[in-house]
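Chain by chain, the residues run as shown.
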Amino acid sequence: MKLYHEVRGCSLAVDIVARELGIPLELIWVDVPRKLLPDGTDYYKINPKGQVPSLELPNGEFLSEGAVIMQYLADMRPNSELCATAGTLARYRIMEWMSFVASDLHKGGFMPLIKKVTPDDYRPIARQLVMTRLKWLNDHLAERDYLTGPTFTIADAHCYTIVMWTEYQNIDVSPWPHLQAYLQRISRRDSVIAAKAAERAEAERSAKATAS
Ligand SMILES: N[C@@H](CCC(=O)N[C@@H](CS)C(=O)NCC(=O)O)C(=O)O
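Residues numbered from 1 in each chain as written. Predicted model: local features only at pLDDT ≥ 70, side-chain atom pairs only at ≥ 80, totals over all residues. Heavy atoms only, no water.

Structural notes on the pairing of strand E2 (residues 26–29)
Regular strands show a simple pattern: their side chains alternate between the two faces of the sheet. Threshold: Strand pairing requires that DSSP identify at least two bridges connecting the strands. A run of DSSP states H or I qualifies as a helix once it reaches four residues; a run of E qualifies as a strand once it reaches two. Both are numbered from the N-terminal end.
Two elements, strand E1 (residues 2–5) and E2, share four bridges in a ladder whose sense is parallel. The residue of E2 that forms the bridge with Leu3 is Leu27.

Set out below in structure tokens:
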């Protein structure tokens with residue numbers, strides 16, 4: 001299967017999950033601002049929303065929305081600890097977290113900070129919203145290693161990916177020690193190290209191509 005991916009994008013979470021599950025994915029790096037694939041194909045043909053991640057399925061269809069793609073992959077390995085069985089309350093807890101991460105943290109939280117078009121007078125409000133949500137995460141993590149308990153799940157891959165954008169936004173997480181420890185704990189996972197190395201290699205390749 002192919003994962004349509006972007007350096008520093010939320011698609012990193014999907015790559016982490018696939019590596020955790022041992023599902024090989026071919027990474028296709030999308031030029032998201034220009035909506036182009038490396039071979040010049042219009043990315044809107046893959047995902048009419050123009051967003052990453054998208055996953056090309058074995059039957060040739062495309063699946064979008066990171067939270068759904070991660071569940072699709074986890075359901076391919078039903079015995080893994082990465083996600084609870086569909087229909088159980090434990091599964092709804094994971095979905096509850098992923099809905100929060102996708103809507104409140106990603107879109108409602110970090111996105112206005114990332115977008116150049118955000119009016120200057122909204123930036124402090126958006127930053128404060130992010131800080132409030134990070135503090136709340138920190139409080140939640142005071143009593144557990146991962147979002148839903150003692151084990152790492154797809155919700156943690158998702159949450160980690162978005163919360164790591166604090167680095168790009170110069171938000172210091174040290175005031176929230178439980179959140180900081182959580183990020184460090186996840187950073188040490190082999191899947192995360194490998195997914196970030198792939199991202200770095202693509203960033204270097206792309207910088208060289210731009211320079212030459
Ligand atoms: N709801 C989607 C949002 C995906 C999304 O916003 N991806 C960003 C990269 S992190 C993107 O492709 N943005 C380009 C755009 O919106 O035009 C999901 O959670 O997968």
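Still more ground to cover, so stick around.
Brief notes about the UniProt feature "domain: GST N-terminal" (unreviewed entry) in the protein chain
To keep it simple, the criterion reads: UniProt positions are given in the numbering used here, feature names are shortened, and annotations may be inferred rather than shown by experiment.
Sites flagged by UniProt as "domain: GST N-terminal" (unreviewed entry) map to residues 1–81. Structurally, residues 1–81 comprises 26% helix and 17% strand, and the distance from its first C-alpha atom to its last is 22 Å.

Focus: the site of the ligand
To keep things clear, this is the line we draw: Nearness of a residue to a molecule or strand requires only that one of the residue's heavy atoms be within 4 Å of it. Under this definition, polar contacts are N or O atom pairs within 3.5 Å; protein pairs additionally need one hydrogen-donor-capable and one acceptor-capable atom, and for neighbouring residues in sequence, both atoms have to be side-chain atoms. Per-residue and other accessible areas were derived by the Shrake-Rupley procedure at a 1.4 Å probe size, with only the shown protein chains allowed to occlude residues. Residue classes follow a fixed rule: Ala, Val, Leu, Ile, Met, Phe, Trp, Tyr, Cys and Pro count as nonpolar, while Asp, Glu, Lys and Arg count as charged, and any other residue, Gly among them, counts as polar.
Around the ligand, the structure places 13 residues, and the nearest of them are Lys35, Val52, Glu65, Gly66 and Lys107. Backbone polar atom of Val52 to a nitrogen atom of the ligand: 2.8 Å apart, as the coordinates give it. Within the side chain of Glu65, an N or O atom sits 2.6 Å from a nitrogen atom of the ligand. Relative to its unbound accessible surface of 500 Å², the ligand loses 82% to contact with the protein. Taken together, the residues that form the shell around the ligand break down as five nonpolar, four polar and four charged.

Details of the domain arrangement of the protein chain
Under the convention used in this document: Here the bounds of each domain stem from an automatic or database domain assignment. Residues are treated as being in contact if the distance between any of their heavy atoms lies within 4.5 Å. Accessible surface is computed with a 1.4 Å probe, and the buried area is the amount of it that two parts give up when combined, taken over both parts together.
Each domain of the protein chain was delimited in the assignment, giving domain 1 (2–80) and domain 2 (89–190). Of note, the centres of domain 1 and domain 2, computed from C-alpha atoms alone, are 21 Å apart. Every contact between the two is made by 14 residues of domain 1 and, on the other side, 15 residues of domain 2. Each partner contributes to the roughly 1200 Å² buried at the junction of domain 1 and domain 2, and carbon and sulfur atoms together form 66% of this total. The largest per-residue losses of area from domain 1 upon contact with domain 2 belong to Arg8, Cys10 and Gln71, which jointly make up 38% of the total buried on that side. Put simply, the parts of the chain that give the side of domain 1 that touches domain 2 at least two residues each are helix H1 (12–21) and helix H2 (66–76). Residues that form the side of domain 1 that touches domain 2 fall into these classes: eight nonpolar, three polar and three charged.

A short note on helix H4 (residues 123–141)
Cut-off, in case you're wondering: Expected helix span is given by 1.5 Å per residue-to-residue step, counting one fewer step than there are residues. A simple rule labels every residue: compare its accessible area, found with a 1.4 Å probe on the protein chains alone, to the largest value its type can have, and call it buried under 20%, exposed over 50%, or partly exposed in between. As used here, the arc is the angular range of directions from the helix axis to the C-beta atoms.
Taking 1.5 Å per residue as the helical rise, H4 with its 19 residues ought to reach 27 Å, and the 27 Å between its terminal C-alpha atoms agrees with that figure. Considered for burial, the residues of H4 that qualify are Ala126, Val130, Arg133, Leu134, Leu137, Asn138, His140 and Leu141. Seen end-on, H4 carries its buried residues on one side only, within an arc spanning 160 degrees. Considering only its buried residues, H4 is in contact with helix H3 (89–114), helix H5 (154–163), helix H6 (165–168) and helix H7 (177–187).

Looking at the nonpolar core
Nonpolar side chains tend to gather and get buried jointly when the protein is soluble and globular. We count it as follows: Residues belong to one nonpolar core when they are buried, are Ala, Val, Leu, Ile, Met, Phe, Trp, Tyr or Cys, and are joined through side-chain atoms within 4.5 Å.
In this structure, Leu73, Leu105, Leu134, Leu137, Ile154, Leu179 and Tyr182 are the most contacted members of the largest nonpolar core, which totals 55 residues. When contributions to this core are tallied by element, the ones reaching two or more residues are H1, H2, H3, H4, H5, H7 and helix H8 (190–211). With eight residues, the single largest contributor to this core is H3. Looking at which domains feed residues into this core, each of domain 1 (2–80) and domain 2 (89–190) supplies at least three.

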